[in-house]
Amino acid sequence: MPRTGPRRLGTVTVLLAAALSPVTASATPASAEGVHGGRGLSATIRYTEYGIPHIVARDYAGLGFGTGYAAARDNVCLLAQGMVTLRGERSRYFGAEAAPDQSLTSATTNLASDVFFREINASGVVERLARRPAPYGPSREVRDLGRGWAAGYNEYLREGKITDPACKGAPWVRPITELDVTRRGYALAMLGGSGRMADQIAAARPPSGTAQAAPDPGRIAAEVRAMTAGSDMGSNAIAAGRAATANGRGLLLGNPHYPWHTGRRFWQMHQTIPGKLDVSGGALLGSVSVSIGHNATMAWSHTVATGVPFSLTQLRLAPGDPTSYLVDGRTEKMTQRRITVPARQADGSVKPVAGTQWRTRYGPVVTSLGSVPLPWTSTAAYALNDPNAANLRISNTSLELGKARTTDEAIRALKGTQGMPWVNTLAADSRGKAVYAQIQVLPNITNEFAGTCNTPLGRTVFASSGVAILDGATSSCTPGHAKGALQPGILSPDRYPVLDRPDYVTNSNDSHWLANPERPLEGFDRIIGTERTTRSLRTRSGLVAVEDQLKKGRFTRQDMQDLVFANRNHAGELAAADTAAMCREMDLGQVCDVLARWDRTAGTGSRGALLFDRYWRRAARAADLWRVPFDASDPVNTPRDLNTASPAVRAALADAVAELKGAGIPLDAPLGDHQYVTRNGARIPIGGGTESQGILNKIEATWTPGAGYTEVEHGSSYVQVVAFGRGRCPDVRTVLTYSQSADPTSPHYADQTRLFSQNRWVRTPFCENDIRRSPALKEIRLR
């Protein structure tokens, strides 16, 4: 049985030695149901401040064993919910029409989610991909990690110590298999493509005879942009090199923006196999390895990229048969896949509910893109092509990044594994190099190919959104096998933008173009992203903040920490003074004084931040917001100059004032009084703010009329600043904004949330001596 409790240094050393000593027994094979036990596996977990586990094992299976156990100890209910989702059993336990948490797809009902995952499971695609040898499928190390992870999770269930009321005693909390772990990684890879279209795939039906309007290219392009801008995932990252740091070494800020409540959240850990692997950071919950982090000499982070990870194919349907289509003049029949989903009824009984998918050689049929119809008529239909539906390499990439000692090795890892589905990578190393790379899995649709194979509708949509709509009637318009690509149908790794700089690179979810304004990246395929277009206020805010610091002096670790939590409101810096002047013209009295005195930040104590927030959310939608338009030769400083004559801008201010007064909220109330979360009855103020205000510390919260922002939905999550010096131990500060555990009975349910509220950080130990000196040290030996 595992043992817990505080230990002295000498005891820690003995336990580590025992855990790392040779073990002759092999792991127990899977039972008939495929459930893995833990016999033959061993690991030691040492906990330091704020419940951060440092997991040590002699091999990858043992490391997975310790990781799965520790992850379940903190978040078993979220993990178990994910397993229900992956098995397509949400309707059985929670009802077909109820909403899933959207951590693994964007499905809005349990039935749509279940149809999506049951079809995947019935197809055997994950098993087929898992059997492929590396680099095409999972590496042996990743397989061992997954096998051990399942065993560790099951070991925690076997102990029967679940305290979280969200799932304590629930029948859906069951042991898992290695395949379940693999399926979770597969689902994460598809989040930007098929996973985003789960509802649309489930809803596709042949035409009923009612006439439907042709697709609107303008609406399609706008929907794609809205899907990206409205995503609950984003990020900032800044990698500084020797020309921008005080000590001439590398320095990295990672600030991903992710959901705070669902199973798609980060969990912090440190994984060690002596002599083979030593990596620390944040892992997407359920992942077998670190997703964003550092080792002794290299640190990396990811930001959600603008590359469009899917395409559409327009089918030319056979005359008289809307479920057949033509390819090179020959007729091919669509495949109708009927999926039966057990669903709980109102009386508690479980009855089967039928779902259907229609599939083609190009992928599943969809009848909308987001909210925009793609009508399935008697002559045309549309299929979704998602190359990440054949990508099981994401864990290979994360593991190899954790091993990379330099930024050069990090680039080789990205190109060699080709598993990143929807993110950019920024990295810095102890040599003082900084790099930006958008090496991900995108359809092999170059500009030349798009020019030849896009339909007339596709040509319009592709230029404005990056979504190709290809001609399905010609087989040569199927994305082919690019040189150097591990997978047919994906873009060559040599076509992506990479920028190596001695000063800095940065990204805040805009395209590759302005990773460093001194060296714009241009000439890349449209599917990768836009060039010479307006940047978001958050991108501009980050670039201004970096340049402002470099005018004062090169970055230290503390400078980088201060940058992200300074909570500079770039919209306020650009427009608050003009807004105050406009306010006086409107004769709004006290309102104008509040705006004039506001410190232009979104800190918890900032007075005027809430008023500006409620005003700017409305004003930012005005078509005539700025007097000076965007200029590609001055992209960091344009557009600018608030158009105070705009009726929409003036109405936005009047409406915000009326809203706050009507709710009884003082116009100069400190932001933290009305932007907060409640944890176990205690209110915790939260700083930061929304995307449109250009605040690096992005926080998206639910507005409750009369109270304010009473719960954070998504935003800053696992935040790290990693500084390299002359020694072998990096100087690291981190904060996990929503804390390690979703269990309200855990001591680590809100402890880091309180730190985040106060702009404080954790000095996270990495080297052995620092771990041993931790006053909070506790350890568990698993065997």
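Residues numbered from 1 in each chain as written. Predicted model: local features only at pLDDT ≥ 70, side-chain atom pairs only at ≥ 80, totals over all residues. Heavy atoms only, no water.

## Some thoughts on the overall build of the protein chain
Summing up its helical and strand segments, the protein chain has 22 helices and 32 strands in all. Relative to the compact-globule value of 28 Å for 783 residues, the protein chain shows a C-alpha radius of gyration of 26 Å, a close match. Expressed along its principal axes, the backbone C-alpha trace of the protein chain runs to roughly 80 × 70 × 55 Å. For the protein chain, the share of sequence-separated contacts (at least 6 apart) that also reach a separation of at least 24 residues comes to 69%. For the protein chain, the exposed surface amounts to about 28,100 Å²; the carbon and sulfur share of it is 50%. Computed over 89 positive and 70 negative side-chain charges, the separation of the two mean positions in the protein chain equals 5 Å. (Helix = DSSP H or I, 4+ residues; strand = E, 2+ residues; numbered from the N terminus. Rg over C-alpha atoms; globule rule 2.2 N^0.38 Å. Contact = heavy atoms within 4.5 Å. Areas by Shrake-Rupley, 256 points an atom, 1.4 Å probe, with all protein chains shown as cover. Lys, Arg positive; Asp, Glu negative; His and termini not counted. Charge placed at Lys NZ, Arg CZ, Asp CG, Glu CD.)

## Looking at the state of the cysteines
Scanning the entire structure with this criterion turns up four disulfides. With a sulfur-sulfur separation of 2.0 Å, Cys77 is cross-linked through a disulfide to Cys167. Negative torsions about the S-S bond denote left-handed disulfides, and the value of about -80 degrees found for Cys77 with Cys167 makes this one left-handed. Taken together, the residues span a long stretch of sequence, with Cys77 in helix H2 (residues 60-86) and Cys167 in the loop between helix H6 (140-159) and helix H7 (178-189) at a distance of 90 residues. A relative accessible area of 2% means that Cys167 is categorised as buried. (Disulfide = S-S within 2.5 Å. Buried < 20%, exposed > 50% of the residue type's maximum accessible area, 1.4 Å probe, protein only.)

## A few points about the side chain of Thr753
Within the secondary structure, Thr753 is located in helix H21 (residues 751-757). Once residues lying within four places of it in the same chain are set aside, the contact partners of Thr753 are Trp260, Val677, Ile684, Ile686, Leu736, Thr737, Tyr738 and Ser739.

## Some points on the pairing of strand S8 (residues 298-304)
The element S8 is largely enclosed, with a buried count of seven among its seven residues. Going residue by residue along S8, you find Met298, Trp300, His302 and Val304 tucked away on one face and Ala299, Ser301 and Thr303 tucked away on the opposite face as well. In the sheet, strand S7 (residues 292-294) pairs with S8 via two bridges, with the strands oriented antiparallel. In the sheet register, His294 faces S8, and the bridge partner there is Ala299. If you look at the hairpin formed by S7 and S8, you'll find three residues sitting between the two strands. Inspection of the sheet shows S8 paired to strand S18 (residues 423-429) by seven bridges, in the antiparallel sense. Bridge pairing in S18 places Ser301 opposite Leu426. (Pairing = 2+ DSSP bridges.)

## A closer look at the sheet that holds strand S32 (residues 778-782)
An order of S21-S19-S18-S8-S7-S6-S5-S2-S1-S32 is seen for the 10 strands of this open sheet, with the pairing classed as mixed. Each edge of the open sheet is held by one strand with a lone partner, namely strand S21 (498-501) and S32. Ignoring strand direction, the axes of neighbouring strands in this sheet form an average angle of 20 degrees. Sheet strands in contact with helix H10 (residues 394-403) are strand S6 (277-284) and S8, and its direction is about 145 degrees off that of S8. (Axes fitted to C-alpha atoms, helices over the stretch in contact; angles between N-to-C directions.)

## Observations concerning the packing of aromatic side chains
Using the criterion set out here, one finds 19 aromatic pairs in the structure. Between Trp260 and Tyr738 the ring centres are 5.8 Å apart and the planes differ by 75 degrees, which places this aromatic pair in the edge-to-face class. Pair noted here: Trp260 is in the loop between strand S4 (251-259) and strand S5 (266-273) and Tyr738 is in the loop between strand S30 (731-736) and H21, with a separation of 478 residues, a long-range link. Aromatic pair Phe565 and Phe756: ring centres 5.5 Å apart, planes at 65 degrees, arrangement edge-to-face. (Phe/Tyr/Trp six-rings, centres within 6.5 Å; stacked < 30°, edge-to-face > 60°.)

## A word on the pattern of salt bridges
A complete count under the given rule lists 40 salt bridges for this structure. Of the charged contacts, one joins Arg538 and Glu691 as a salt bridge, the two residues approaching to 3.0 Å between their closest N and O atoms. Of this pair, Arg538 sits in helix H14 (residues 537-552) while Glu691 sits in the loop between strand S26 (682-685) and strand S27 (699-704), placing them 153 residues apart in sequence. Taking relative accessible area as the criterion, Glu691 reaches 23% and is therefore assigned partly exposed. As a salt-bridge pair, Arg614 and Glu659 come within 2.9 Å of each other at their nearest N and O atoms. Of this pair, Arg614 sits in helix H18 (residues 609-619) while Glu659 sits in helix H19 (residues 647-662); the two residues are 45 residues apart in sequence, bridging distant segments of the chain. In this structure, a network of salt bridges that share partners links the residues Asp408, Asp429, Arg431, Lys433 and Asp500. (Salt bridge = Lys/Arg side-chain N within 4 Å of Asp/Glu carboxyl O.)

## A word on the packing of helix H16 (residues 570-585) against H19
Interhelical geometry of H16 versus H19 gives an angle of 80 degrees and a closest axis separation of 11 Å. As summarised for this structure, H16 and H19 are arranged roughly perpendicular, according to the angle between their axes. Mapping the contact onto sequence places Thr579, Met582, Cys583 and Glu585 in H16 and Val649, Arg650 and Leu653 in H19. Taken together, the residues of the contact of H16 with H19 sort by class into four nonpolar, one polar and two charged. (Parallel < 35°, antiparallel > 145°, perpendicular 65-115°, else oblique. Nonpolar A, V, L, I, M, F, W, Y, C, P; charged D, E, K, R; others polar.)

## Quick look at the environment of Glu97
Summarising the element assignment, Glu97 is placed in the loop between helix H3 (90-94) and helix H4 (110-123). Classification of Glu97 as exposed rests on a relative accessible area of 62%. Sequence separation of Glu97 and Lys403 is 306 residues, and the distance between their C-alpha atoms is 44 Å.

## A few points about the layout of surface pockets
Where empty space is left can be seen by rolling a probe of water-molecule size over the atoms. Its volume calculated, the second largest pocket comes out at about 710 Å³. Taken together, 30 residues form the lining of the second largest pocket, with Arg359, Tyr362, Gly363, Asp386 and Ala389 sitting closest to its centre. Contributing elements (two or more residues each) for the lining of the second largest pocket: H4, helix H5 (125-131), strand S13 (350-360), strand S14 (363-366) and strand S17 (380-385). Tallying contributions element by element places H4 first for the lining of the second largest pocket, with four residues. (1 Å grid on protein atoms, 1.4 Å probe; cavity = no way out; pocket = protein on both sides within 12 Å on 5 of 7 lines; lining within 4 Å. Points joined across faces, edges and corners; volume = space filled by probe spheres on them.)

## Details of the pairing of strand S25 (residues 676-679)
Here four bridges tie S25 to S26, and the two strands are oriented antiparallel to one another. By the bridge assignment, Arg679 is partnered in S26 with Ala682.

## Some details on the nonpolar core
Counting 203 residues, the largest nonpolar core has Val76, Trp149, Tyr153, Tyr615 and Trp616 as its most contacted members. The element contributing the most residues to this core is H2, with 16 residues. Counting residues in hydrophobic clusters, the runner-up holds 15 residues, among them Leu252, Ala299, Tyr436 and Val732. (Core = buried A, V, L, I, M, F, W, Y, C linked by side-chain atoms within 4.5 Å.)

## Examining the packing of H10 against helix H11 (residues 407-417)
Put simply, H10 and H11 touch, their axes get as near as 9 Å, and they point 165 degrees apart. Here H10 lies roughly antiparallel to H11, going by the angle between them. Crossing of H10 over H11 shows right-handed handedness. Side by side, H10 and H11 meet where Asn396, Thr397, Glu400, Leu401 and Lys403 of the first sit next to Glu409, Ala410, Ala413, Leu414 and Thr417 of the second. For the contact of H10 with H11, the residue count by class is four nonpolar, three polar and three charged. (Left-handed = near helix turned anticlockwise from the far one by under 90°.)

## Focus on the confidence of the model for the protein chain
The predicted coordinates of low-pLDDT regions are not to be read in fine detail. In the predicted model, the protein chain carries a mean pLDDT of 93, and the fraction of residues at 70 or more is 94%. Ignoring residues within four places in sequence, the model shows residues 1-34, a span with pLDDT below 50, making 65 contacts including any to other chains. (pLDDT = per-residue confidence, 0-100.)

## Quick look at unusual backbone geometry
Cis rather than trans, the peptide bond between Ala134 and Pro135 has omega equal to 10 degrees. With respect to the helices, strands and loops of the structure, Pro135 is situated in the loop between H5 and H6. A positive phi angle, close to 75 degrees, is found at Ser739, a residue other than glycine. For Ser739, the location among the structural elements is in the loop between S30 and H21.

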